[in-house]
Amino acid sequence: MSLSDCSEKVPSSVSDELQFPMDDYQAISGASTAEKSASSIPSVQQNDTTDEIWRSINNNRDCLPKNRDDTREGLERATSLKCALGDEEQVVVLTIEHDSSKHLQSAPESPDGGGQDVESDKEKAGRGSLENKTTLKPSPSVGTSLVLLVPEASNAKSNGSEACSSSMMEEAWERLRCSFVYFQKKPVGTLAAVDPSAEDLNYNQVFVRDFVPTALACLMKIPDPEPEIVKNFLLKTLHLQGWKKTIDNFTLGEGVMPASFKVMYDSFQEKDVLKADFGGSAIGRVAPVDSGFWWIILLRSYTKCTGDYTLSEEPEVQKGMKLILDLCLSDGFDTYPTLLCADGCSMIDRRMGIYGYPIEIQALFFFALRCAQQMLKEDTDSNKLIERIERRITALSYHIRKYYWLDFTQLNNIYRYKTEEYSHTAVNKFNVIPESIPDWVFDFMPLRGGYFIGNVSPARMDFRWFLVDNCIAILSSLATMSQTTAIMDLVEERWEDLIGEMPLKIAYPALEGYEWNIVTGCDPKNTRWSYHNGGSWPVLLWLLTAACIKAGRPQIAKRAIELMEQRLSKDGWPEYYDGKKGRYVGKQARKHQTWSISGYLVAKLMIENPSNLAMISLEEDKKIEKPRLTRSASWTCSSFDILDPIHQFLWTGDCKLENNTSLPDVTNRLYEGLKSDEI
Ligand code: GLC
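Because the structure is predicted, anything quoted here is derived from the model rather than measured.

A. Inspection of the overall build of the protein chain at higher detail. Within the protein chain one finds 24 helices and 15 strands. Burial status across the protein chain gives 60% buried among its 679 residues. Sequence-distant contacts in the protein chain: of pairs separated by 6 or more residues, those separated by 24 or more amount to 75%. For the protein chain, the exposed area adds up to about 28,000 Å²; of that, 50% sits on carbon and sulfur atoms.

B. The pattern of salt bridges, seen in detail. Within this structure, the stated rule accounts for 17 salt bridges. A salt bridge links arginine 567 to aspartate 571; the shortest N-O distance between them is 2.9 Å.

C. Main features of the pairing of strand 6 (residues 260–266). Where strand 3 (residues 206–207) meets strand 6, 2 bridges bridge the pair, whose relative direction is antiparallel. Bridged to phenylalanine 207 within strand 6 is serine 260. Here strand 6 pairs with strand 7 (residues 271–277) via 7 bridges, running antiparallel. If you follow methionine 264 over to strand 7, its bridge partner there is valine 273. Remark: 4 residues form the turn of the hairpin made by strand 6 and strand 7, two consecutive strands paired antiparallel; glutamate 270 in that turn has positive phi of roughly 55°.

D. Expanded view of the packing of helix 10 (residues 315–329) against helix 12 (residues 380–403). Closest axis-to-axis distance for the helix 10/helix 12 pair is 11 Å, and the angle between their directions is 50°. Looking at the two axes, helix 10 sits oblique to helix 12. Classified by chirality, the crossing of helix 12 by helix 10 is left-handed. Mapping the contact onto sequence places Lys322, Leu325, Asp326, Cys328 and Leu329 in helix 10 and Asp381, Ser382, Leu385, Arg388, Ile389 and Arg392 in helix 12. Counted by class, the contact of helix 10 with helix 12 contains 5 nonpolar, 1 polar and 5 charged residues.

E. Region of the structure containing the packing of helix 20 (residues 554–565) against helix 21 (residues 594–608). Direction vectors running N to C along helix 20 and helix 21 enclose 140°, while the axes themselves pass 11 Å from each other. Between helix 20 and helix 21, the interaxial angle falls into the category oblique. Here helix 20 and helix 21 pass one another in a crossing that is left-handed. In this structure, helix 20 contributes Pro554, Ala557, Lys558, Ile561 and Glu565 to the contact, and helix 21 contributes Tyr600, Ala603, Lys604 and Ile607. A class-by-class count of the residues in the contact of helix 20 with helix 21 yields 6 nonpolar, no polar and 3 charged.

F. Spotlight on the packing of aromatic side chains. This model, assessed by the stated rule, comprises 21 aromatic pairs. Seen from their ring centres, tyrosine 403 and phenylalanine 430 are 5.1 Å apart, and the 85° between their planes marks the pair as edge-to-face. Of this pair, tyrosine 403 sits in helix 12 while phenylalanine 430 is found in the loop between helix 13 (408–415) and helix 14 (439–444), placing the two residues 27 residues apart along the sequence. The exposure classification of tyrosine 403 matches that of phenylalanine 430, with both residues buried. Taking 6.2 Å as the distance between ring centres and 80° as the angle between the ring planes, the aromatic pair formed by tryptophan 537 and tryptophan 595 counts as edge-to-face. Of this pair, tryptophan 537 sits in the loop between helix 18 (513–520) and helix 19 (541–551) while tryptophan 595 sits in helix 21; the two residues are 58 residues apart in sequence, bridging distant segments of the chain. Overall, the relative accessible area of 2% leaves tryptophan 537 in the buried class. Given a relative accessible area of 7%, tryptophan 595 falls into the buried group. Every member of this aromatic cluster is reached through a ring pair, and the members are Trp440, Phe444, Tyr451, Trp465, Tyr508 and Trp529. In this arrangement the basic side chain of lysine 525 is found over the ring face of tyrosine 531, its NZ or CZ atom lying 4.2 Å from the centre.

G. Quick peek at helix 19. For helix 19, the tally of buried residues reaches 11 of 11 residues, placing the bulk of the element in the interior. Here helix 19 has its buried residues at Leu541, Trp542, Leu543, Leu544, Thr545, Ala546, Ala547, Cys548, Ile549, Lys550 and Ala551. Taken from the residues just after helix 19, glycine 552 is the one with a positive phi, measuring 75°.

H. A look at the nonpolar core. Counting 171 residues, the largest nonpolar core has Trp295, Ile296, Tyr451, Trp465, Leu540 and Trp542 as its most contacted members. Beyond its immediate chain neighbours, meaning those up to four positions away, tryptophan 542 contacts Val212, Pro213, Leu216, Trp294, Gly599, Val602, Ala603, Met606 and Ile616.

I. Region of the structure containing the environment of methionine 347. Of note, methionine 347 is situated in the loop between helix 10 and helix 11 (359–375). The class for methionine 347 is buried, based on a relative accessible area of 7%. As a C-alpha pair, methionine 347 and glutamate 360 span 13 residues in sequence and 8.7 Å in three-dimensional space. Those residues in contact with methionine 347 that sit more than four places away from it in its chain are Arg209, Asp290, Glu360, Val468, Ile506, His532, Trp537, Val539, Leu540 and Trp595.

J. Molecular detail of the state of the cysteines. Applying the stated criterion across every chain, the model contains 0 disulfides. Here cysteine 345 is not cross-linked by a disulfide; its sulfur's nearest cysteine counterpart is in cysteine 341, at 4.1 Å. Classification of cysteine 345 by relative accessible area gives buried; the value is 2%. Lacking any disulfide linkage, cysteine 548 is separated from the closest cysteine sulfur, that of cysteine 471, by 7.3 Å. In this structure cysteine 548 comes out as buried when scored by relative accessible area, which is 0%.

K. Structural detail: the site of the ligand. Surrounding the ligand, one finds Ala192, Tyr203, Phe207, Arg209, Asp210, Met347, Asp349, Tyr531, His532, Glu575, Gln593 and Trp595. Aspartate 210 places a side-chain nitrogen or oxygen 2.5 Å from an oxygen atom of the ligand. Interatomic distance of 3.4 Å between a side-chain N/O atom of tyrosine 531 and an oxygen atom of the ligand. For the shell around the ligand, a count of residues per class yields 6 nonpolar, 2 polar and 4 charged.

L. Representation of unusual backbone geometry in the model. That bond from isoleucine 222 to proline 223 is cis: its omega, 0°, falls within 30 degrees of zero. Considering the arrangement of structural elements, one finds proline 223 in the loop between helix 6 (208–220) and helix 7 (227–241). Unlike most non-glycine residues, aspartate 248 shows phi in positive territory, near 50°. Within the secondary structure, aspartate 248 is located in the loop between strand 4 (246–247) and strand 5 (250–251). We classify aspartate 248 as exposed; its relative accessible area is 60%. The backbone phi angle of cysteine 522 is positive, close to 60°, even though this residue is not glycine.

About the thresholds
- Residues numbered from 1 in each chain as written.
- Predicted model: local features only at pLDDT ≥ 70, side-chain atom pairs only at ≥ 80, totals over all residues.
- Heavy atoms only, no water.
- Helix = DSSP H or I, 4+ residues; strand = E, 2+ residues; numbered from the N terminus.
- Buried < 20%, exposed > 50% of the residue type's maximum accessible area, 1.4 Å probe, protein only.
- Contact = heavy atoms within 4.5 Å.
- Areas by Shrake-Rupley, 256 points an atom, 1.4 Å probe, with all protein chains shown as cover.
- Salt bridge = Lys/Arg side-chain N within 4 Å of Asp/Glu carboxyl O.
- Pairing = 2+ DSSP bridges.
- Axes fitted to C-alpha atoms, helices over the stretch in contact; angles between N-to-C directions.
- Parallel < 35°, antiparallel > 145°, perpendicular 65-115°, else oblique.
- Left-handed = near helix turned anticlockwise from the far one by under 90°.
- Nonpolar A, V, L, I, M, F, W, Y, C, P; charged D, E, K, R; others polar.
- Phe/Tyr/Trp six-rings, centres within 6.5 Å; stacked < 30°, edge-to-face > 60°.
- Lys NZ or Arg CZ within 6 Å of the ring centre and 35° of its normal.
- Core = buried A, V, L, I, M, F, W, Y, C linked by side-chain atoms within 4.5 Å.
- Disulfide = S-S within 2.5 Å.
- Near = heavy atom within 4 Å.
- Polar contact = N/O pair within 3.5 Å; in protein donor to acceptor, adjacent residues only side chain to side chain.

Written out as structure tokens, the structure is:
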């Protein structure tokens, strides 16, 4: 089958399966977000302490135009790409001061007497103290704002790399179209992979989580976005949620969303029929906890992009959202606000030791709660639920920011933990035994940088790095601004480990030997540095790119995109790569994996127009209190963070520009300018 043939492959049958109307494509139009008025920000002095800087940021926020309290306003349409520029908008001066010397940070003094015990104990926590005496150089990507990318991109254009990447984009769009799945002649999703050379296994169906980057690519597509497939997908999966779900006589919760579905043709009835999997056919028989969260997040993206509130306000859609939330907010025996899960209930859908309270689910849970908060219609029925959501958001953010966060200082604290503390005054709240800290983490942790660890539960901290979770934490503003900076610092400092030759490691490090044996149950697909066990997944590029833009560090994403462009298409868009540096196409990787294709497209569409980020990112919720934490070198906020208006806008919706120009206009102009060499 040639690439161009595939778009014709539409089932010809008609059926009455769909319960909700699928409107014809609605053209995207409308005004950009409301203009933000200019306001002056007192500058931050270089010698300010971190606390003073925080105070200063908060003061600055107070004097900026107030962000909307009306949550619905958070759903304002994302800026149109084709925003016309009036003459009066010709000159926009961005008030950014770039002086990399300002970002020099002093390392914290090393505590005296770390001494012999510490060094001799497998060279553990004292290792950082040597570096403590050196001055940290600024992270390479700090100070490279979106504004500074413009001349660089123009250079790329002149040296031909632009042409190469645009042909890759064309190929990607064509291949993506080949994976479309139709129901009643309407597109409702995409196949997980279209690889004629490999056995189908379960890749011949629409996975809810896999469809998210495809949906975003369709929403961000230029010049003509394609929201129809996204709307159809949302309605179709909502319809499936309404099915009675029974596995071995056990009925699953009403709100459970499918992991995947297939469209099949019933030749007897002469119509398309659906077959859905809620975990019963999955490899470990685990229900996909992430599906419902992704569904809510995508509903917000659709609404944000199209400005079409009618879908999210539809009673059935409101009900679907509430059913998902009911599943997660019901009372139980919990003492933590996090969700208790079985292994394999999300993207890593095989046994990998991520049972308990895995950060991926917690970050998605937080993200979905915040999206639902914007979309739930207030009525007597919903108000109680909205209150519960608000309380849970507060508790969840406190718990995760405080107990999942790891940086140099926190690692050293845990290393020195006492155990057997019983009362509420306990410092070591979960009774983590310091000897259980794995050796690798002492080497991995840079002096500057930090991340949310994989899991926290009684006497157990899973110190592994997982990329999805850290990016979702940034996009949902679960990570504070300082934590976001620290995560980016870590990615940059540990580039070889986390990005390597082919972006991006799903988890670090790999489980090997005896540990692999007992944690994965000897899973031959998850051998060390392969698949979920330290493999490299191209799809993750979109998440990294979105997080980098939100963090004001697009340069990191650009570097990863360039790396990927050297091989992804030539290698046939594989599902994953193997090896410590991700050098080899994965042993059992499907080729033409749809989310590898759409992940690349979304990354490109976002780096080319950062205002697309608004579709998948939430501003900081200023009502959420920040936990008191001890701060290491990573806990700094440079003056750049405050003064870069684009960065500031992405965080708070506020910006400081001259001429009362709203920020979306500026990003548009930047990227329009980028294409026409205007700037
Ligand atoms: C694998 C992945 C899972 C994905 C599915 C379809 O099972 O682990 O996350 O959804 O393939 O691509």
